[in-house]
Amino acid sequence: MGLLDKLSGLLGLKKKEIHVLCLGLDNSGKTTIINKLKPSNAQTQDIVPTIGFSIEKFKTSSLSFTVFDMSGQGRYRNLWEHYYKEGQAIIFVIDSSDRLRMVVAKEELDILLNHPDIKHRRIPILFFANKMDLRDAVTSVKVSQLLSLENIKDKPWHICASDAIKGEGLQEGVDWLQDQIQAVKT
Amino acid sequence: MASGSGDSAGGRGESTEVNSKWLDAHYDPMANIHTFSACLALADLHGDGEYKLVVGDLGPNGRQPRLKVLKGPSVLTESPLPALPSAAAAFLMEPHEPRTPALALASGPCVYVYKNLRPYFKFSLPPLPPNPLEQDLWNQAKEDRIDPLTLKEMLEGIREKAEVPLSSQSLRFLHLELGEMEAFVAQHKTQPIRRQTVITTMTILKKNLADEDAVSCLVLGTENRELLVLDPEAFTVLTKMNLPSVPVFLEASGQFDVEFWLTAACRDGNIYILRRDCKRPKYCIELSAQPVGLVRIHKTLVVGSTQDMLHSFTHKGKKLWTVPMPAPILTMSLLEQRSRGLQAVMAGLANGEMRIYRDKALLNIIRTPDAVTSLCFGRYGREDNTLIMTTRGGGLVIKILKRTAVFGEGAGEAGPPPAQALRLNVPRKTRLYVDQTLREREAGTAMHRAFQMDLYLLRLRAARAYVQALESSLNPVSATLREPLKLHAVVQGLGPTFKLTLHLQNTSAVRPAMGLLVSCLYNESLYALPRAFFKVPMLVPGLSYPLETFVECLSDKGISDVIKVLVLREGQSAPLLSAHINMPVSEGLVAA
Ligand SMILES: Nc1nc2c(ncn2[C@@H]2O[C@H](COP(=O)(O)OP(=O)(O)OP(=O)(O)O)[C@@H](O)[C@H]2O)c(=O)[nH]1
Ligand SMILES: [Mg+2]
């Protein structure tokens, strides 16, 4: 890294670009979370189910994130794997109140973890146990239990309970992600 | 034996668990849901994209009927019903927004319609005219001209004979004990008697559009052997059709205003198919047993019967196939996987299996902890391919079909063997073949007779030869009951000296054989036997006695002959049995 680059990095003029995949079942709150992470003047008010995918950008103190916000609907889930190669981090969103589809979330996660483009990489995974404000929601501990997250041994992962509508829990998760990426790079 | 096979079945179910096509979303053995497939419906009742499950619950032992609405794994609302439910359905009442479906629940003589889960309308079947004789009796009771006992006797007489059945009031009266009658008459005599039938089955039929979410009419089947089609908004009777028997399962296709078919499986074991503009059934399919389930896939019908069979018919009643089931069928339903265009039949069996068939081919077996009594497949919550099953013990099982799951034919056990699909290379019909066939067709009887006659002659000759052999004791097994014996001879050696061993066995169960003799008859110029006649020791039952003798061949010409061995009884000239021994050629002499 040149001196100039370092300098501009410190000044926040040119930040490091990171590609993140945002995955999870439909209606889990992926778009709502990404929207909340954008600067308030860039946020949209009405969020509709994503068709295919959409590309969103937001910045943290030292990184510039490019997020592939994938659609979680069953018929679009086979698109996910085409972006695994480019992804440098994964945000996996779970609707903590959808008890019935927890098995489906687990199934999709297992397919993801066993994909050749993911399996042998130390790619950080951030889980959001979203919609924790709802009455039916289970705790993030219960979510990690239901998804058997303890079996992920070769990748750094972290789970945060979140409420994407109020924006609670999001910052904690993104901070963790930023630390992980910087730990790898330096 | 039964438990053994049960264990192995369980083992097989577990071993396939890893690559199962289903995800286990929920299982609650104590869900306390007691119902059958007709009383289950899935619908987006609140218009929020979260599909709910409607259950017309009979309650444990068929008491406490309730309407339950489930969201995910838990009950959202619950309310008591005045009578046992017979069917539940979700349907769109009007074409305007918001297009949230209404819920219809048939129970007793009424259909309760709910919108947004709030009671909206109650439809009652029109009353039927009461039996005039019965009416007359109750009028007399009203004026106290008849005492309760006579009333009971007269009513019983009507019940036995009359065409028009009694009203529920009279039927209840006939159930009462002597002491209760008076009070009942006093209480009910002023009320007019009303006869009402009940709804046995219900389904929905599109009104005038073929769209997935088109406005639909309710179609009711009644105990009075009628089918009624109701207007979706006004709930007036649009049309009425008569059936020869009471419908128990009902399927509808088409559109009411254009052309439609109604298929009713009835209690007389027949399936009637009705069309628009005909008040009577157009086709009739006769099952040899009672129907236990009816599923329509496009233009084919699949019916389950009490003979543990699945039958398939075209919508014109032509039989397509039959598949036997390993256990009685308890319930049936349709599985429709839209994303892959799959339509299949699900059948819950008494042995705890849930089988899925596409046509005759078994696609999948799900083993459940308890026999499944109701089945429903469709969008539930936000998942398209959800399977809901309730069990005999009141349990609730929810499974989700994996996104990656593909039902391959032959994945199951049975189904037609692959060889059945091979085309045989059938040779062309020759002239000779055609002539022969014609001849066979014309002279079939004569040919059969000639064949039969030859067959009888053959049997006769065989029988005669057998009798002759028995009479001359020419066979090595004696058939006389008093002396059951078996003889078996072995010749050993290359020659010129052979060893002849006769194995003699007494085959009777207990009696020893005594005083037997063996004599050998042979050509004396060819053979020499040092012992051609000897006594047999006492034969203990069951043991085989080897009797040995040497045979010397005298000829050096390489010829051989037969030696006859006779087993005789002392003092009798006819042999008990005999054996012909074909002697081998003496090789020793030929070589020398
Ligand atoms: N109560 C509550 N609702 C939430 C929360 N997060 C998202 N939602 C709601 O959930 C619904 C779905 O959110 P989306 O962000 O569209 O979900 P998605 O994961 O992007 O869905 P797809 O694009 O279809 O894959 C919206 O109505 C959100 O308002 C939350 O934390 N709490
Ligand atoms: Mg989205």
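See the structure shown above.
Let me sum up the structure you'll find in this document.

Criteria and thresholds
- Residues numbered from 1 in each chain as written.
- Chains lettered and ligands numbered in written order.
- Predicted model: local features only at pLDDT ≥ 70, side-chain atom pairs only at ≥ 80, totals over all residues.
- Heavy atoms only, no water.
- Contact = heavy atoms within 4.5 Å.
- Buried area = accessible area lost by both parts, 1.4 Å probe.
- Salt bridge = Lys/Arg side-chain N within 4 Å of Asp/Glu carboxyl O.
- Polar contact = N/O pair within 3.5 Å; in protein donor to acceptor, adjacent residues only side chain to side chain.
- Near = heavy atom within 4 Å.
- Areas by Shrake-Rupley, 256 points an atom, 1.4 Å probe, with all protein chains shown as cover.
- Helix = DSSP H or I, 4+ residues; strand = E, 2+ residues; numbered from the N terminus.
- Nonpolar A, V, L, I, M, F, W, Y, C, P; charged D, E, K, R; others polar.
- 1 Å grid on protein atoms, 1.4 Å probe; cavity = no way out; pocket = protein on both sides within 12 Å on 5 of 7 lines; lining within 4 Å.
- Points joined across faces, edges and corners; volume = space filled by probe spheres on them.
- Pairing = 2+ DSSP bridges.
- Axes fitted to C-alpha atoms, helices over the stretch in contact; angles between N-to-C directions.
- Donors = N, O, S within 2.8 Å, 3.2 Å for Na, K, Ca; no water.
- Buried < 20%, exposed > 50% of the residue type's maximum accessible area, 1.4 Å probe, protein only.
- Core = buried A, V, L, I, M, F, W, Y, C linked by side-chain atoms within 4.5 Å.

1. Things to note about the interface of chain A and chain B
Stage number 1. The interface of chain A with chain B comprises 14 residues on the first partner and 15 residues on the second.
Stage number 2. Here chain A and chain B share an interface that buries about 1,200 Å² over both sides, 59% of which is from carbon and sulfur atoms.
Stage number 3. Interface area lost by chain A to chain B is led by Leu100, Val103 and Glu107 of chain A, which between them contribute 45%.
Stage number 4. Between chain A and chain B we count three salt bridges in total.
Stage number 5. Its salt-bridge partner being Asp136 of chain A, residue Lys71 of chain B comes within 3.5 Å of it at the nearest N-O pair.
Stage number 6. In this structure, the connection of chain A to chain B is made through four residue pairs in polar contact (both at pLDDT 80 or more).

2. Considering the site of ligand 1
Residues and elements named next belong to chain A.
Stage number 1. Taken together, the neighbourhood of ligand 1 is formed by 20 residues, with Lys30, Thr31, Thr32, Thr50 and Gly72 sitting nearest.
Stage number 2. Here an oxygen atom of ligand 1 sits 2.8 Å away from a polar atom, N or O, in the side chain of Thr50.
Stage number 3. Here an oxygen atom of ligand 1 and a backbone polar atom of Gly72 are 2.7 Å apart.
Stage number 4. The fraction of the free accessible surface of ligand 1 (650 Å²) that becomes covered by protein chains is 84%.
Stage number 5. The element that contributes the greatest number of residues to the shell around ligand 1 is helix 2 (residues 30–37), accounting for three residues.
Stage number 6. Broken down by class, the residue content of the shell around ligand 1 amounts to six nonpolar, nine polar and five charged.

3. With respect to empty space enclosed by the protein
All names here are of chain A.
Stage number 1. Enumeration over the complete set of coordinates arrives at three cavities of 30 Å³ or more.
Stage number 2. Taken as a whole, the largest cavity spans an internal volume of roughly 80 Å³.
Stage number 3. Looking at the largest cavity, the residues that line it are Leu25, Asp26, Asn27, Ser28, Phe92, Val93, Ile94, Asp95, Asp98, Arg101, Met102 and Ala105.
Stage number 4. Sorting the residues of the lining of the largest cavity by element identifies strand 4 (89–95) and helix 3 (102–113) as the ones contributing at least two each.
Stage number 5. Of the residues forming the lining of the largest cavity, the biggest block, four residues, is contributed by strand 4.
Stage number 6. Of the residues contributing to the lining of the largest cavity, the split by class is six nonpolar, two polar and four charged.

4. Here's the deal with the sheet that holds strand 2 (residues 53–59) of chain A
Residue and element names in this part refer to chain A.
Stage number 1. The mixed open sheet is built from six strands, whose spatial order is 2-3-1-4-5-6. Of all the strands in the sheet, the pair left with one neighbour each is strand 2 and strand 6 (157–161). Within this sheet the neighbouring strands show an average axis-to-axis angle of 20 degrees, counted without direction.
Stage number 2. Each of strand 1 (16–24), strand 4 and strand 5 (125–130) touches helix 3; the most contacted strand, strand 4, lies at about 165 degrees to it.

5. A short note on the coordination of the magnesium ion (ligand 2)
Residue and element names in this part refer to chain A.
Stage number 1. The protein atoms donating to the magnesium ion (ligand 2) are Thr31 (OG1) and Thr50 (OG1), with metal-donor distances spanning 1.9 to 2.0 Å. Separated by 19 residues along the polypeptide, Thr31 in helix 2 and Thr50 in the loop between helix 2 and strand 2 bring together distant segments of the chain.
Stage number 2. On the basis of relative accessibility, which here comes to 22%, the residue Thr31 falls in the partly exposed class.

6. Here we look at the side chain of Asn364 of chain B
All names here are of chain B.
Stage number 1. You can see Asn364 is positioned in strand 25 (residues 361–367).
Stage number 2. Of the polar contacts made by the side chain of Asn364, one reaches the side chain of Trp22; its length is 2.7 Å.
Stage number 3. Apart from residues lying up to four places away in sequence, Asn364 is in contact with Lys21, Trp22, Met354, Arg355, Ile356 and Phe407.

7. With respect to the nonpolar core
Stage number 1. Counting residues in hydrophobic clusters, the biggest one holds 43 residues, and the most contacted among them are Leu23 and Phe127 of chain A.
Stage number 2. Considering each element in turn, this core owes the most residues, six residues, to helix 3 of chain A.
Stage number 3. Residues within four places of Phe127 of chain A in sequence aside, it is in contact with Phe92, Ile94, Leu109, Leu149, Ile152, Trp157, His158, Ile159 and Cys160 of chain A.
Stage number 4. Within the second largest apolar cluster, 28 residues are counted, among which are Leu502, Val518, Tyr527 and Phe534 of chain B.

8. Section: the sheet that holds strand 7 (residues 102–107) of chain B
All names here are of chain B.
Stage number 1. Here four strands make up an open sheet; going across it, the order is 6-7-8-9 and the pairing antiparallel. Every interior strand has two partners, whereas the edge strands, strand 6 (85–91) and strand 9 (118–124), have only one. For this sheet the average axis-to-axis angle between neighbouring strands, irrespective of direction, equals 20 degrees.
Stage number 2. Pairing between strand 6 and strand 7: six bridges, direction antiparallel.

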